Amino acid sequence: KIETSAFLLGPRGTGKSTWIQQNYKDDSVVYDLLNTTELIRLSRNPSLIYQETAHLPPDSWVIVDEIQKVPALLNEVHRIIEEKKLRFILSGSSARKLRASGVNLLAGRALTCNMFPLVSKEVNFDLDLEKRIAFGMLPGSFSAANPKKFLQAYAETYLKEEIREEALTRNFGSFARFLEIAARQNGQLTNTAAIARDAGVARQTVQGYFDILIDTLIGFWLEPWKLKRPTKQVGHSKFYFFDSGVVRALSGRLPYPPTPEESGPLFECFIINELRAYLHYTERDYPLYFWRSQGGVEVDIMFETATGYVAIELKNGARWEKKFNRGMHRLSEELGKEKVACFGVFMGERQLTVDGVTVYPALDFLRRLWRGEIAGTAI
């Protein structure tokens, strides 16, 4: 449970409202801005929240759900925190309107906490990994009898409510075309010029569309790691969506089994998002990167810890070949072998040691991750 004022940010459907109800239901005042009446009332007069919480004793909790719908409330929240010493949970699925409105973001008086879809630890690692890679870990998808229908509805809701109703782009049709193309290129080196050509829009427009995806928490950039000394490396970034099931819904691929070409990036998407959640929930927040030389030698994920580096190679297959280790070995030579912990992750059934690299079955890797054996902190 959060003990001080905080922004709780996460994509639609990750369970923010459910979590708030479970932890704050009995001792808080709640403003739900998905309620049209509440939305209109506070939009017309944001100072009402100040008046209506004036009677609360210090340290009382006030919940504002979907805060981005009325950014002007933050000025009042700031005043209430300063004068009344109340505590706020401000949930939202988009930071775009908050920043664009130039409103007071509480000047460090509130933590920023992110919420991810379900992670393997939350379901006691009891999951059909192939199914979850195909349909993702959103709570609604995980529990649905028909996850395809849920994800189709989710994709439509995102487009309708987050994009059209919030007026985040003027050309909704072009954005929808871009979104399908971007989803089909999930996890690949991103060429914005090629995407712009395929979507029929300007390159600058495509960059703006990617900014929308980041601001609505639907995706993130995985940047290339830059070695300290000059060396030829790939400069393009990769874009990943926050959930592998949502990728398939947005790309129009839900009716079909994942192809071999899709399966690799979907597996990467699943593991990388689990890593992101782990690092955030353990308050590590190490930035994640990939590394690739100009010659094509690559490491799927790497990050720097307080004591060294972690390099991880991911393969969505049941066999591990020695050649899969080349990128990790090359990176270890560049950074110092004693400084780099190298791991392989695959869909095989048994742990292996291949050419000095420990290779884990995916679920075993996730168990070890949450026990703190990969990045050093258990949860």
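The residue numbers shown here count from 1 along each chain, following its written sequence. Two thresholds apply to this predicted model, a pLDDT of at least 70 for residue-level local features and 80 or more for giving and counting side-chain atom pairs, whereas whole-chain, interface and lining totals are computed over all residues. Hydrogens are left out, water is left out, and the side-chain values use all remaining heavy atoms of the structure.

## Description of the overall build of the protein
Then comes step 1: Counting from the N terminus, the helices are DSSP H or I runs at least four residues long and the strands are E runs at least two residues long. When helices and strands are counted, the protein shows 15 helices and 13 strands.
Then comes step 2: For 379 residues, the compact-globule estimate of 2.2 N^0.38 gives 21 Å, and the C-alpha radius of gyration of the protein, at 22 Å, lies within 12% of that figure.
Then comes step 3: When the backbone C-alpha atoms are referred to their principal axes, the protein occupies close to 65 × 50 × 45 Å.
Then comes step 4: Partly exposed describes any residue whose relative accessible area lies between the buried limit of under 20% and the exposed limit of over 50%, with all areas from a 1.4 Å probe on protein chains only and scaled to the type maximum. Across the 379 residues in the protein, those meeting the buried criterion constitute 54%.
Then comes step 5: We get accessible surface area from the Shrake-Rupley algorithm with a probe of 1.4 Å; when it comes to residues, only the shown protein chains can shield them. A total accessible area of about 17,600 Å² is found for the protein, and carbon and sulfur atoms account for 47% of it. As a reference, a globule follows 2.2 Å times the number of residues to the power 0.38, and the radius of gyration itself is taken over C-alpha atoms.

## Observations regarding helix α1 (residues 16-24)
Then comes step 1: Where α1 is concerned, the buried positions are K16, I20 and Y24. Projected onto a plane normal to the axis of α1, the buried residues spread over an arc of 35 degrees and lie on a single side. Exposed residues lying more than 90 degrees from the buried face of α1 are Q21 and Q22.
Then comes step 2: The contact criterion used is simple: two residues touch if any of their non-hydrogen atoms lie within 4.5 Å. Where the residues of α1 are buried, they touch β1 (6-9), β2 (28-32), β3 (61-65) and β4 (87-92). Our arc is simply the arc of the directions from the helix axis toward the C-beta atoms.

## A word on the pattern of salt bridges
If charged atoms from side chains of opposite charge come close, those side chains can pair.
Then comes step 1: A pairing counts as a salt bridge when a side-chain nitrogen of Lys or Arg comes within 4 Å of a carboxyl oxygen of Asp or Glu. Going through the model one piece at a time under the given rule, you end up with 13 salt bridges.
Then comes step 2: The partner of R41 in a salt bridge is E52, with the nearest N and O atoms 2.5 Å apart. Of this pair, R41 sits in helix α2 (residues 36-44) while E52 sits in helix α3 (residues 48-52), and the two are 11 residues apart along the sequence.
Then comes step 3: Residue R41 is classed as partly exposed on the basis of its relative accessible area, which comes to 28%.
Then comes step 4: What makes E52 partly exposed here is its relative accessible area of 28%.
Then comes step 5: Between R79 and E76 there is a salt bridge, and its shortest N-O distance comes to 2.8 Å. With R79 and E76 both in helix α4 (residues 73-84) and three residues apart, this pair spans about one turn of that helix.
Then comes step 6: A residue is classified by how much of its surface remains accessible, and R79, at 31% relative accessible area, is partly exposed.
Then comes step 7: Take E76: its relative accessible area is 14%, and that puts it in the buried class.
Then comes step 8: Linked through salt bridges whose partners overlap, the residues forming this network are D364, R368, R371 and E373.

## Description of the sheet that holds β2
Then comes step 1: Strand order in this open sheet of five strands is β2-β3-β4-β1-β5, and the pairing throughout is parallel. Whereas interior strands pair on both sides, the edge strands pair on one side only; in this sheet they are β2 and β5 (111-114). Here the strands of the sheet are splayed against their neighbours by 15 degrees on average, with no regard to which way each runs.
Then comes step 2: Pairing between strands is defined by DSSP: at least two bridges between the two strands are required. Strand direction decides the pairing type here: β3 and β4, joined by four bridges, are parallel. In this description, a line fitted to the C-alpha atoms serves as the axis of each element, helices being fitted only across the stretch in contact, and the angle between N-to-C directions of two axes falls anywhere from 0 to 180 degrees.

## Observations concerning unusual backbone geometry
Then comes step 1: The backbone phi angle of L217 is positive, close to 65 degrees, even though this residue is not glycine.
Then comes step 2: When you line up the elements, L217 lands in the loop between α11 (203-215) and β6 (219-224).

## A short note on the packing of helix α12 (residues 244-251) against helix α13 (residues 260-281)
For any two helices packed against each other, the geometry comes down to the angle between their axes and how far apart the axes lie.
Then comes step 1: The contact between α12 and α13 brings their axes to 9 Å, and the two run at 140 degrees. As judged from the angle between their axes, α12 and α13 are oblique. Contact residues: α12 offers S244, V247 and R248, while α13 offers L266, C269 and F270.
Then comes step 2: Residues are sorted three ways: Asp, Glu, Lys and Arg are charged, Ala, Val, Leu, Ile, Met, Phe, Trp, Tyr, Cys and Pro are nonpolar, and all the rest, Gly among them, are polar. Among the residues forming the contact of α12 with α13, the class breakdown is four nonpolar, one polar and one charged. Every angle not falling under 35 degrees, over 145, or within 65 to 115 is termed oblique; those three ranges are roughly parallel, roughly antiparallel and roughly perpendicular.

So yeah, pure geometry; function would need other evidence.
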